[in-house]
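The residues making up each chain are set out below.
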Amino acid sequence: MSEGVSQPDQLPAAVPAAARQDLFSKFDGIIRTREDLLAGGVEDPFNLVMEQVLSPTRAICNGRDTILLGTYNYMGMTFDPDVIAAGQKALADFGSGTTGSRVLNGTYRGHREVEDALREFYDMDHAMVFSTGYQANLGIISTVAGKGDYVVLDIDSHASIWDGCALGNAEIVPFKHNDIEAMEKRLRRIPEGAGKLVVLEGVYSMLGDVAPLKEMVAVAKANGAMVLVDEAHSMGFIGPNGRGVAEEQGVMDDVDFIIGTFSKSVGTVGGFCVSNHPKFEILRLVCRPYVFTASLPPSVVATAATSIRKLMGGGEKRARLWENSKRLHGGLKALGFTLGTEVPQSAIVAVIMPDLERGAAMWEALLREGLYVNLARPPATPANMTLLRCSLCAEHSEEEVGTILGMFERAGKAVGIV
Ligand SMILES: Cc1ncc(COP(=O)(O)O)c(C=O)c1O
């Protein structure tokens, strides 16, 4: 045995129990909050099981037929017959998984095909597929912005963006949500010659509000920054071709990287980055969350490629989704609920609750009515808000939206919110 390694008879005396630090003690606050909430008899809003999924808009929860208004299945692609058939065929032809990284044995024909579909969808030169959208942000941000560079980001950015910043070595400079002036001020203070990456989202998922990308991208470019836009909640729906808010606001050519996910409008799982940067392909060798993880299963990339190609012709679904969003937003407002945005800006309609207790009670009352929405609470929400986040699907019928409004009215009265 080498020097410096303790022999059993030389082990330090056991640390007294009282002085031992339980590493879980940092969670005591959240454990208490959760126990208090459940002690009131409320069902656990973060532990719901969907016993059977009947369609993009309905599932059996607690033995009851429930309308789904809290999924990100915006375009209703999860039960599309072509998407399912493509997945089944790939499963039969290529097996259940790749068991390897994209840079070793984990690139199958299907991975190339889904990247082709993305290039076509966005009309961009390069597309790189990750195993999740979370990893796409983690990988691109931490790799592109290195030591000595600056990442300037909206304070309400998604956790995956913050975690991408934490994984990298760049200086992190947050600015007030959607505040163009604040962003410009931060950019101006960055030392001359430093690399700058501005990170924005098309739609912010908590309140469903849209970024003023046109102005922000112009300010970023005027200050010599590269721009990354996460279009997770706008892909497939916003913009004439469903490319997102950057397309809707006419700034696609000035955006350096678009991040997206397959877990929302595409209807499966996976993440990606598309770009026109001429050196983009080198990221496949240097981006750790791309290299050091297994690639997506063949069935998943096959469903994603089929879904993305179908979304290119998704104009009619986009129109229906807008109608649903406007109908729900207008109806909830008329009932007296406080909403996250003055007018509907996306497929997300956030209902602001007075506090967590009433938010949880309202969530449960809605579930009893047969409606599932997302309960969102700090730290995921801005300004410590408790929200009931409703996300619409193109496949919700007009009648279903009417039913949903009736459920909100009854639950809101029962809980004393309206
Ligand atoms: C803005 C944003 N970016 C990225 C992600 C991560 O996507 P994924 O579910 O593919 O990991 C999400 C997921 O909720 C998101 O809302």
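A brief report on the enclosed structure follows. Position labels on residues start from 1 in each chain and follow its written sequence. Under the rules for a predicted model, residues below a pLDDT of 70 receive no local features and side-chain atom pairs below 80 are neither given nor counted, while totals for whole chains, interfaces and linings still include all residues. For the side-chain quantities, the full set of heavy atoms in the structure was used; hydrogens and water were omitted.

What about the layout of surface pockets?
- Here a cavity means grid points, on a 1 Å grid over the protein atoms only, where a 1.4 Å probe fits yet cannot get out; a pocket means an open set of points with protein on both sides within 12 Å along at least five of seven lines; lining residues are those with an atom within 4 Å of a point. Grid points are joined across faces, edges and corners, and a volume is the space filled by probe spheres set on the points. In this structure, the largest pocket occupies an estimated 860 Å³ of space.
- What lines the largest pocket is a set of 44 residues, and nearest its centre among them are Tyr72, His158, Ser205, His233 and Lys264.
- Those elements that place two or more of their residues in the lining of the largest pocket are strand S1 (50-55), helix H4 (133-144), helix H5 (159-167) and strand S11 (257-261).
- For this classification, the nonpolar set comprises Ala, Val, Leu, Ile, Met, Phe, Trp, Tyr, Cys and Pro, the charged set comprises Asp, Glu, Lys and Arg, and every other residue, Gly included, is treated as polar. Class assignment for the residues of the lining of the largest pocket results in 18 nonpolar, 21 polar and 5 charged.
- Approximately 250 Å³ is the volume found for the second largest pocket.
- Around the second largest pocket, the lining is made up of 14 residues, and of these Ala90, Arg109, Gly110, Glu113 and Ala302 lie nearest the centre.
- At the level of secondary structure, the elements contributing two or more residues to the lining of the second largest pocket comprise helix H2 (81-94), helix H3 (109-122) and helix H11 (298-311).
- By definition, any uninterrupted DSSP run of H or I lasting at least four residues is a helix, any uninterrupted run of E lasting at least two residues is a strand, and each is numbered from the N terminus. Considering every element that reaches the lining of the second largest pocket, the biggest residue donor is H11, with 6 residues.

Some remarks on the site of the ligand
- Around the ligand sit 14 residues, and of these Gly133, Asp230, His233, Thr261 and Lys264 come closest.
- Any N or O atom pair separated by 3.5 Å or less is treated as a polar contact, with the protein-specific requirement of one donor-capable and one acceptor-capable atom, and with residues adjacent in sequence counted only for side-chain atom pairs. In this structure, an oxygen atom belonging to the ligand sits 2.7 Å away from a side-chain N or O atom of His233.
- A molecule is counted as occupying a cavity or pocket when more than half of its atoms fall within 2 Å of that pocket's grid points. Here the ligand occupies the largest pocket.
- Per-element accounting of the shell around the ligand gives the leading share, 3 residues, to H4.
- Its residues placed into classes, the shell around the ligand shows 2 nonpolar, 9 polar and 3 charged. What makes a residue near a molecule or strand is one non-hydrogen atom of that residue sitting within 4 Å of it.

Let's talk about the packing of aromatic side chains
- Pairs were defined over the aromatic rings of Phe, Tyr and Trp, the Trp ring being its six-membered one, requiring ring centres within 6.5 Å. Orientation was assigned from the angle between planes: stacked under 30 degrees, edge-to-face over 60, tilted for the rest. Here the structure, examined in full by the defined rule, presents 11 aromatic pairs.
- Taking 6.0 Å as the distance between ring centres and 35° as the angle between the ring planes, the aromatic pair formed by Phe94 and Tyr108 counts as tilted. Of this pair, Phe94 sits in helix H2 while Tyr108 is found in the loop between H2 and H3, placing the two residues 14 residues apart along the sequence.
- Judged by relative accessible area, which is 35%, Phe94 ranks as partly exposed.
- Ring centres of Phe237 and Trp322 lie 4.7 Å apart, and the angle between their planes is 45°; on these two criteria the pair is classed as tilted. When accessible area is computed with a 1.4 Å probe and restricted to protein chains, residues below 20% of their type maximum are described as buried, those above 50% as exposed, and intermediate ones as partly exposed.

A closer look at the state of the cysteines
- Here, the term disulfide refers to a pair of cysteine sulfur atoms separated by no more than 2.5 Å. Considering all chains together, one arrives at 0 disulfides under this definition.
- There is no disulfide at Cys273, and the cysteine sulfur nearest it, in Cys287, is 8.8 Å away.
- No disulfide involves Cys390; its sulfur sits 14 Å from the nearest other cysteine sulfur, which is in Cys393.

Examining the sheet that holds strand S13 (residues 348-353)
- A pair of strands is labelled paired if DSSP reports no fewer than 2 bridges between them. Taken in spatial order, the 3 strands make up an open sheet running S13-S16-S15, and their pairing is antiparallel. Whereas interior strands pair on both sides, the edge strands pair on one side only; in this sheet they are S13 and strand S15 (374-376). Between one strand axis and the next, the sheet turns by 30° as a mean value, whatever way the strands run.
- Across 3 bridges, the pairing between S15 and strand S16 (residues 386-391) is antiparallel. Between the N-to-C directions of two axes lies an angle of 0 to 180 degrees, each axis being a line fitted to C-alpha atoms and, for a helix, fitted only over the stretch in contact.

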